[in-house]
Amino acid sequence: MPGHQLAPDIPSDVLASEQAHLAESRAALKAMRAHAQSLSADAAGDWVSQQILQSLLDQRVAALADHPDTPLFFGRLDRQAGDDLPGTIYVGRRHVHDGGSKPLVIDWRAPVSQAFYQASPADPMGVVRRRRFGYHGGALTAFEDEPLGEGGEIGPSRILTDEIERPRTGPMRDIVATIQPDQDEIVRSTLAQTVCVQGAPGTGKTAVGLHRAAYLLYTHRERLARAGVMIVGPNRAFLSYISSVLPALGEVKVDQTTVAGLLGEHAAEEDPMVAAVKGDARMAAVLERALWLHIVKPEEGVVFTKGVYRYRVADYEVREIVASLRGTTRYNPGRAALAQRLAHMVLVRMEQRGESPDDRVQDAVARSKPVKQLVDTVWPKLTPEQVLYRLLSDPEFLKKAAKSDLSPDEQEMLVWRKPYRSWKSAKWSAADAALLDELRDLMERTPSLGHLVVDEAQDLSEMQLRALGRRCRNGSATVLGDLAQGTTPWSTSSWESVLEHLGQREGEVTELTLGFRVPREVLDYAARLLPSIAPELAAPRSLRPGVGSLTVRPGGSVAQAAAEVLTREGSIGVIVPDALVADVSRALADLPHAVLGPDSDEEHRLLIVPATLAKGLEYDHVIVVEPADIVAAEPRGLARLYVVLTRAVTSLTVLHDKPLPAELTT
Ligand SMILES: Nc1ncnc2c1ncn2[C@@H]1O[C@H](COP(=O)(O)OP(=O)(O)OP(=O)(O)O)[C@@H](O)[C@H]1O
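Residue numbers here run from 1 along each chain, matching the order of that chain's written sequence. A pLDDT threshold of at least 70 governs which residues receive local features in this predicted model, and a stricter bar of 80 or more applies before side-chain atom pairs are shown or counted, although totals over entire chains, interfaces and linings include all residues.

Side note on the site of the ligand
Logical step 1: Near the ligand there are 21 residues, and of these P201, G204, K205, T206 and F516 occur at the shortest range.
Logical step 2: At the level of elements, α4 (158–165) and α6 (205–219) are the ones that each hand at least two residues to the shell around the ligand.
Logical step 3: Residue contributions to the shell around the ligand peak at three residues, all from α6.
Logical step 4: Tallied by class, residues from the shell around the ligand come to six nonpolar, 10 polar and five charged.
Logical step 5: For the purposes of this description, domain bounds are those given by an automatic or database domain assignment. For the shell around the ligand, the domains that each give at least three residues are domain 2 (182–262 + 448–515) and domain 4 (520–665). Here is the check we use: build the C-beta atom from the backbone, and if it is within 6 Å of the molecule or strand, call the residue near. Segments assigned H or I by DSSP are reported as helices when at least four residues long, segments assigned E as strands when at least two residues long, and all are numbered from the N terminus. Charged residues are taken to be Asp, Glu, Lys and Arg, nonpolar residues to be Ala, Val, Leu, Ile, Met, Phe, Trp, Tyr, Cys and Pro, and polar residues to be all remaining types, Gly included.

Some remarks on the UniProt feature "binding site: ATP" (unreviewed entry) in the chain
Logical step 1: UniProt positions are given in the numbering used here, feature names are shortened, and annotations may be inferred rather than shown by experiment. Under the feature "binding site: ATP" (unreviewed entry), the UniProt entry names G199, A200, P201, G202, T203, G204, K205 and T206.
Logical step 2: Contacts here follow a simple rule: the backbone-placed C-beta atoms of the two residues must lie within 7 Å. Beyond its immediate chain neighbours, meaning those up to four positions away, G199 contacts K205, D482, E511 and L512.
Logical step 3: Once residues within four sequence positions are removed from consideration, T206 is found in contact with I242, D455, L480 and G616.

What about the confidence of the model for the chain?
Low-pLDDT stretches of the model should not have their predicted coordinates read in fine detail.
Logical step 1: The predictor attaches a confidence to each residue, and that confidence, scored 0 to 100, is pLDDT. When pLDDT is averaged along the chain, the result is 91; 98% of the residues meet or exceed 70.
Logical step 2: Taken element by element, the predicted model of the chain shows its lowest mean pLDDT in helix α2 (residues 47–63) (76) and its highest in helix α12 (residues 282–292) (98).
Logical step 3: Of the regions scoring below 50 in pLDDT, residues 1–7 engages in 16 contacts with residues more than four places distant in sequence or in other chains.
Logical step 4: The ipTM, which scores confidence in the relative placement of chains, is 0.99 for this predicted complex, and the corresponding pTM is 0.90.

Things to note about the sheet that holds strand β14 (residues 508–512)
Logical step 1: Strands are treated as partners if at least two bridges between them are detected by DSSP. With parallel pairing, six strands are arranged side by side in an open sheet as β9-β8-β12-β13-β7-β14. Since the sheet does not close on itself, it has two edges, and those belong to β9 (255–258) and β14, each with one partner. Taking each pair of neighbouring strands and ignoring which way they run, the sheet shows an average axis angle of 20°. Every angle, taken between N-to-C directions, lies between 0 and 180 degrees, and every axis is a line fitted to C-alpha atoms, over only the stretch in contact when it is a helix.

Comments concerning the domain arrangement of the chain
Logical step 1: Taken as a whole, the chain is organised into domain 1 (12–166), domain 2 (182–262 + 448–515), domain 3 (302–378) and domain 4 (520–665).
Logical step 2: Put simply, the middle of domain 2 and the middle of domain 3, counted by C-alpha atoms, are 46 Å apart.

Quick look at the packing of helix α20 (residues 430–443) against helix α21 (residues 462–470)
Between two packed helices, the angle of one axis relative to the other and the distance separating the axes together describe the packing.
Logical step 1: Direction vectors running N to C along α20 and α21 enclose 40°, while the axes themselves pass 9 Å from each other. Between α20 and α21, the crossing angle belongs to the class labelled oblique. Judged by the twist between their axes, the crossing of α20 over α21 is left-handed. Contacts between α20 and α21 involve A434, L435, D437, E438 and D441 on the former and, on the latter, M463, Q464, R466, A467 and R470.
Logical step 2: In terms of residue class, the contact of α20 with α21 is made up of four nonpolar, one polar and five charged. Any angle that is under 35 degrees is reported as roughly parallel, and any over 145 degrees as roughly antiparallel; angles of 65 to 115 degrees are reported as roughly perpendicular and all others as oblique. Each crossing gets its hand from how the near helix is turned against the far one by less than a right angle, where anticlockwise is left-handed and clockwise is right-handed.

Side note on the pairing of strand β12 (residues 451–454)
Logical step 1: Note on burial: count the other C-beta atoms lying within 10 Å of the residue's C-beta; 20 or more is buried, 12 or fewer is exposed, in between is partly exposed, and C-beta positions come from the backbone. Burial along β12 is two-sided: the residues H451 and V453 and L452 and V454 are all buried.
Logical step 2: Taken together, the four bridges between strand β8 (residues 229–233) and β12 define a ladder with parallel strand orientation. Looking at β12, one finds that V232 is bridged to V454.
Logical step 3: With four bridges joining them, β12 and strand β13 (residues 476–481) adopt parallel strand pairing. Looking at β13, one finds that V454 is bridged to V479.

A short note on the UniProt feature "domain: UvrD-like helicase ATP-binding" (unreviewed entry) in the chain
Logical step 1: Under the UniProt annotation, "domain: UvrD-like helicase ATP-binding" (unreviewed entry) lies at residues 178–519.
Logical step 2: Helix and strand shares over residues 178–519 are 50% and 12% respectively, and the end C-alpha atoms of the span are 18 Å apart.

See the structure below:
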């Protein structure tokens, strides 16, 4: 919260009474925590139950900690009488009640709190007055009233404006106090609904995705605790930037990972054209064929010997079993089923001979040498790596698997120029990781989570989307992105296509249009690139005018530009073409700074950021070095430049020796 001064027109008695409510709420929270600490797990019967109960109690105690710098409540609603709920409600990050169970603070996610975000003079939702609180450190220092029951307009909120304008330092913060009505609608959409949000830079997509996760966990606690919620972001630097938002909202059990973290950290270099073919959804059919091509037509039967007897399953019978299993099961369960079916036939023969074998005998036969040998020949044991290795190193095999799904040119592109000696020594690319995951799922079903939040989804290939879709097959997703910020060889041009490959065709596409980060002057400058990178998108709007926020300087020194912004408040990102990181670091040798790496969670006031890592991040002051080189470095370089130019909260300085890209100067 911003540092509000106590304005002369704020009635001090009202403020004092609100401060008293804060003190009472704090004391009540302390008592709740003490009570939780006093509970003993001994009541649970056995040792295991005791351990589980103790861990739950520990979590409860941790969740009830009071963080003096985080306001316990940030809003108040005075409601019309007419229902069983209290007339006055304080809205905060968690429920707090007194010794008599009277609610002192209501969780922002509770249904009754929705009016704090949604009520307006046109639809007051039973609210007569909404009050927003301003804090300085942990102290309540100001408030602002919005009368909703009297009709008429409500002016802009100072507390909201101050929150948006505040200088950025450190990791991303939650926005519970200032969620806007259109954002709130997304946050509170039902668990079953997959929502896809298109939004220009800084419209709060990431913030909304994280708050939706927190909302769903509150509303469906038990179900989601069992099934799990996961956030997937573009890189580790981004994950580190967003890592404190959910814990600050009391949600510590959410996995946050990257696509590579989920599918395998493979990063062998690859021609973007090859990666694009590998990322195409047509590969799914190719992989499926490739896997099942490993099944060999049975030419022999099985002979199982027990004592003096020999029990035979004929070759045609084996063929029938294999044919009936094929296509009805995944690959690995199919193998196991083949062994069991063969064993079953042996058992039938035993019974025909008057024996009465039980289930244990069937298992023993299924594991016996002759059955195992036949299964290994007909339905061989495989790993995803073995199948993909064969596909990428054997053109004949690829041709059989590809049929007409891939053109001869595409097939030629896929085959490794220099094949590896074996599947064990193969180096896989990021695109291969999604193919391996598809194969793994064809072999063994991938477990589904309860909810998945996918950020920067415009950058994912169809095969990566399928991989993520498997992980929310029995659940739902929040898909976030901006078609204009697509920088991969497979970036999408339509959200409908993203939803289709994710397997969430019913998902609803919605848009956030108002920017909270980038000043208007800077956003208008960056938007000059839009006709070239995403002509179908409307120019983004910013809440903040930001007059004087843009400087474009030919021949300027980066050290001087950095020294200038160091005199101002807030974080500084010097975003540079990846190839210039070392040069710029040398140029800034006299100023303390750090370089952001792909796996680093480097926190420093002055940070050099390689252009390819800037996605999703923001800095108070941004210095962009040599835009022409950023554009030239990659096929979708203009989109990369758009990302880079839209990271600034307060000021953007563009330094260039080379001519600026023509799209920026027109
Ligand atoms: N309702 C809000 N109140 C206050 N701050 C907000 C609000 N919505 C978004 N913000 C702030 O705006 C900034 C941008 O938000 P966020 O990073 O979620 O945007 P984004 O749409 O994901 O941007 P990008 O596409 O550039 O990654 C963040 O600092 C966020 O905290």
